[in-house]
Structure formats: C-alpha cells, structure tokens
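# Descriptive analysis of the structure
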Number of protein chains: 2
Amino acid sequence: MASHAVREVQRIFNSIYDAIVEQRLPPGTRLTELNLVEVFAANRNHVRSALRDLSHLKLVRIEMNRGAFVEEPTPQQAREVFAARRVIEKAMIENAIDNMSAKDRKAISAHIAQEHALGHDPAKPEFIRLSGDFHRLLSRIAGNQTLGEMLDSLIARTSLIIALYEVQSGIQCSHDEHDHLAEALLSGDKAAAVASMEHHLLAIEKRLRLGPQKTEEVDLFEVFAGVETVK
Amino acid sequence: MASHAVREVQRIFNSIYDAIVEQRLPPGTRLTELNLVEVFAANRNHVRSALRDLSHLKLVRIEMNRGAFVEEPTPQQAREVFAARRVIEKAMIENAIDNMSAKDRKAISAHIAQEHALGHDPAKPEFIRLSGDFHRLLSRIAGNQTLGEMLDSLIARTSLIIALYEVQSGIQCSHDEHDHLAEALLSGDKAAAVASMEHHLLAIEKRLRLGPQKTEEVDLFEVFAGVETVK
DNA sequence: TTCCGCTAAATTGCTAACAATAGAACAGCG
DNA sequence: CGCTGTTCTATTGTTAGCAATTTAGCGGAA
C-alpha cells in the first residue's frame, strides 16, 4: 500500500504539470492544499511533496505561510529562458543529427505529420503540448539525458511565459518553422538545422510582448539610502 | 518561530551540500534521517525536505522505503555532465566577455590571486570549492541566472564525479588552466576564451578513469524476453 | 468618510504516535 | 555445511490532531 507513494506524488505532480503547461491553470492561480486533497483524493503530504517538486521546476512558487501559486515569470526571466534554450537546443541539434537512426527519422516525420493533421489552428491545449513534444523528441535523439532534463524544465516554463505574454491578436503560426527545421534535420545539414532552430526560438520570443529590455527593479532601500525622513 | 522554517531546511541542505561537494561525504554514503536529526538538532520533516531538495540536484538519491544515499553517478552520467558543461560554459563565456564590468575584472583577478595563494597543492576541501567558485563567478558575470542555476547543479555533480573517478596517482593540476582562461577573458579575446574553456573542461574529464565509452547495462527482462522458463 | 486596530475564519506548518517495509540474524531442513 | 524460510529490529512512510500565521471583515475613533 505504501509502496505506491511515489506514484501517488507523481500522479498529482503530472496532473498539475499538465494543467499548467496546457494553460488551464493561469499564472498566479492559488493552489490550496485542501483543495487539491479533495480533487485528487490524496493526503496532504503527497500534495505538498508534489507542490514542492513543481516549485523546483519553477512552475509553482511556494510562499512561506501563504501557500502555492502558479508561477508568473518576469519578462527578465522569460528572456533568460529563451536565451538558455537557444544555447542548449542549438548544441543539441548537432548531436541529434550525429546520432539520428532510421527509427528516429521516422519519428520525426511522424511528428510533423501529426502537427499537420491538427491543422494550423492554434486550438491551445493540444497545440501547445505537441509543439513542446517536438523539441523533447529532438532532445531524446540527441542522447544527453542530463541536458534533456534541463531542457524539459525550460520547455515547460515556456508555456507559462506564452500564457502570460502572448500577444492576443496575432496569429500564432510556428508551424512551418517546425517543418523547416525537420527538413534541415533529415537532410543532415547541420548549419541549416542550427540556423533554423535559432530562428525558430527567436521567432517565438518575438511574438511575445516582453516590454522594454531592462525592467530594472527599483530598490527603495537603495533609493533612500542615507536620506533622513522628514519629521 | 515557524517563520524560520525555510531557513532551517536551507541550513541542513547547505551543510550536507558542502560536505558532499568537499568530499567529506563519499558517494554511496547512507544518510539516515534520525542520524541527521541528531546532528542538526532539527525535526524530521526539515531533514526530509532538505534531502528531497538535494535529490533534485542529483547529489542525493532517495530509494523508496530504503532511505537517502549520496549519489554515485555512472560513467555515462559523468560524460553527460561534462558534455552539458561544455555546451553551457562555452556559450556563457562569450556573454561574460560582453557584460564584463571593471568590477568584474577585479573579481576575476582577485580570484586568480586567491588560487595562487593556496598554492598548487590540491589539499582537497578548499581547492575543490575554489575551483568551482571560479566557474560560478563567470556564470554570474554572464548574467543569465536561469542558466546559472543549471550550471550550479552540474558543478556540484562534478565534485561527486571527481570523488568517484579521480585517478589517484595523478597530480591534479588544473591551476594554470584557470590562469590561461582568465588571461583570455581579460584580454577580451572571445575565440581564445571559448577554446580555453573547452580545453579546460576536456582536461578535467581526461584526468578521470571513466572506463570504456559504452557501459551498456544488461537488461535481464530484454535478454529473456519470450524465453520460456524450464519447468 | 477614512484610517487604524481588533477579532475570527481559513490555511499552512509542526509534532508525535503509529503502520509498513527492508535487511539482518537465526532456526530448520536437506 | 549450505540453503531456504522465518522472525526481529531498525528505519522509513503515514496520519491525525494541534499550533502558528495570514487575511479579511468588522467596528470604533479621529
């Protein structure tokens, strides 16, 4: 009975993870423990463990004596996530080309077909997940699990960032970008694949409204350092 | 009283973290909860939280109903960690050069001086920590905190890997490598700095005894798939 | 009216006793 | 003497109740 404990935590973790990534739980949402206990018919410890795990991934923010909230990445953090993704994924795509097997090629083609089947309609839930799956697939082919786990976290956070900063009006169409990337990959052209990946990631970032480059936080303590308060 | 809870967990976390990184806790060591409760005069929940946090950094492995152990990275994982570090740190060093301020230059020089002051003697505890500090300093200068946190984890795991696979006899002397790196950095020569970083990381890896390239794990289930047991 | 302080409800954090598990010591059998 | 199966102990996992904290609502005073 107790041996299923880790599975239980993982079940809760996955459910919340999915809900956040698929944007059914918007950034800032409060996650009350007793609430989750009811929803998942689990005990509080398991819920707390799951929340703690999610906070490691930066999908959830835990405040002392206040509770857990869906994270709200700042524009600065958003830019960092994209910068990190560019670094990791550009390197990874080269390894992917080197390690690509016949099976992997088929998996790539199959994925692209799946994306086409869904149509260009950015009907959020599936579209978002599928888009991330493509990047995770490439990560798996590249073969570095350590780097892959780090990228997983970045991909998940990207969903949060898009939920927060997506420009509503625009027609989000990163579809042909994946096509282009897959084409370069399958043809084995490293330079083209790397360039395509960089272009793709920059394009996603450009479609967001991340505000001015420097959102310098004003530190009141610094501002008033050495200033005598009047009376 | 309760508001110090996170601090308490962090205190335990840091103590164990330091002990692992400075190789006072060898890989494979069992970390018994009640033991740690005594040592840190803390309660079991805090100890458990700290262990869970450490397991997320891959410094500790938690086995169901068995307890927590200091991680023992496999040669395969070790190679992945170094590959990941090359990817991240090569990219980071370029950003570091771009963002380097006068203050940062002084910090780099000061660090190198500190390394020299310690002498070429690899008297483990301080030497290991100082060596990691240099890489963390460059990470801070580069300015991407997201990437920096990921690198922190890799640097910590590197200590574990060295503890496991260091070739005993060898005179570990990565000293002039940092010198060379700092020189390239301060002169602003990106290409040289990147090359120097790559060389440095490859050199560390080469000094280890990681065994054959492929340590394929034999999966008994796969071996005996579809085989009928006799009688 | 507006601001401040007080009280009460909801929620998180903590504790300590209890249950379940794994590993070791041990006994019985071949 | 070695092997198998069983009890026993140390350790981890779980649970429920209690304590502490935050927040919101209310009421009174300026």
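To start, this report covers the structure provided alongside it. Remember, predicted model here, so these are calculated numbers, not experimental data. (Residues numbered from 1 in each chain as written. Chains lettered and ligands numbered in written order. Predicted model: local features only at pLDDT ≥ 70, side-chain atom pairs only at ≥ 80, totals over all residues. Heavy atoms only, no water.)

## A closer look at the relation of the copies chain A and chain B
These two copies of the chain differ by a rotation about an axis and a displacement along the same axis. Expressed as a screw operation, the relation of chain A to chain B combines 0.0 Å of axial shift with a rotation of 180 degrees, fitting to an RMSD of 0.0 Å. This pairing of chains is accounted for by a two-fold axis. The residues that chain A uses at the interface reappear at the interface of chain B in 100% of cases, marking a shared surface. (Least-squares fit on C-alpha atoms with pLDDT ≥ 70 in both. Contact = heavy atoms within 4.5 Å.)

## Structural notes on the protein's contact with DNA strand C
In the vicinity of DNA strand C, 17 residues are found, and the nearest of them are A:Arg44, A:Arg48, B:Asn43, B:Asn45 and B:Arg66. Close to the protein, within 4 Å, the atoms of DNA strand C belong to sugar or phosphate groups at a rate of 76%. Within the backbone of A:Asn65, an N or O atom sits 3.4 Å from a phosphate oxygen of DNA strand C. Between B:His46 and DNA strand C, the recorded distance is 3.3 Å, taken from a side-chain N or O atom to a phosphate oxygen. Counting only elements with at least two residues in the surface near DNA strand C, the list comes to helix 3 (44-56) of chain A together with helix 3 (44-56) of chain B. Along the lines of polarity and charge, the residues of the surface near DNA strand C split into four nonpolar, seven polar and six charged. (Near = heavy atom within 4 Å. Polar contact = N/O pair within 3.5 Å; in protein donor to acceptor, adjacent residues only side chain to side chain. Helix = DSSP H or I, 4+ residues; strand = E, 2+ residues; numbered from the N terminus. Nonpolar A, V, L, I, M, F, W, Y, C, P; charged D, E, K, R; others polar.)

## Quick notes on the protein's contact with DNA strand D
Among the 19 residues in the neighbourhood of DNA strand D, the closest are listed as A:Asn43, A:Asn45, A:Arg66, B:Arg44 and B:Arg48. Sugar and phosphate atoms constitute 75% of the interface atoms of DNA strand D, taking the interface as everything within 4 Å of the protein. Measuring from a phosphate oxygen of DNA strand D, one finds a side-chain N or O atom of A:His46 at 3.4 Å. Here B:Glu33 contributes a backbone N or O atom positioned 3.1 Å from a phosphate oxygen of DNA strand D. Among the secondary structure elements, those contributing two or more residues to the surface near DNA strand D are helix 3 of chain A together with strand 1 (30-31), helix 2 (33-40) and helix 3 of chain B. Considered class by class, the residues forming the surface near DNA strand D number six nonpolar, seven polar and six charged.

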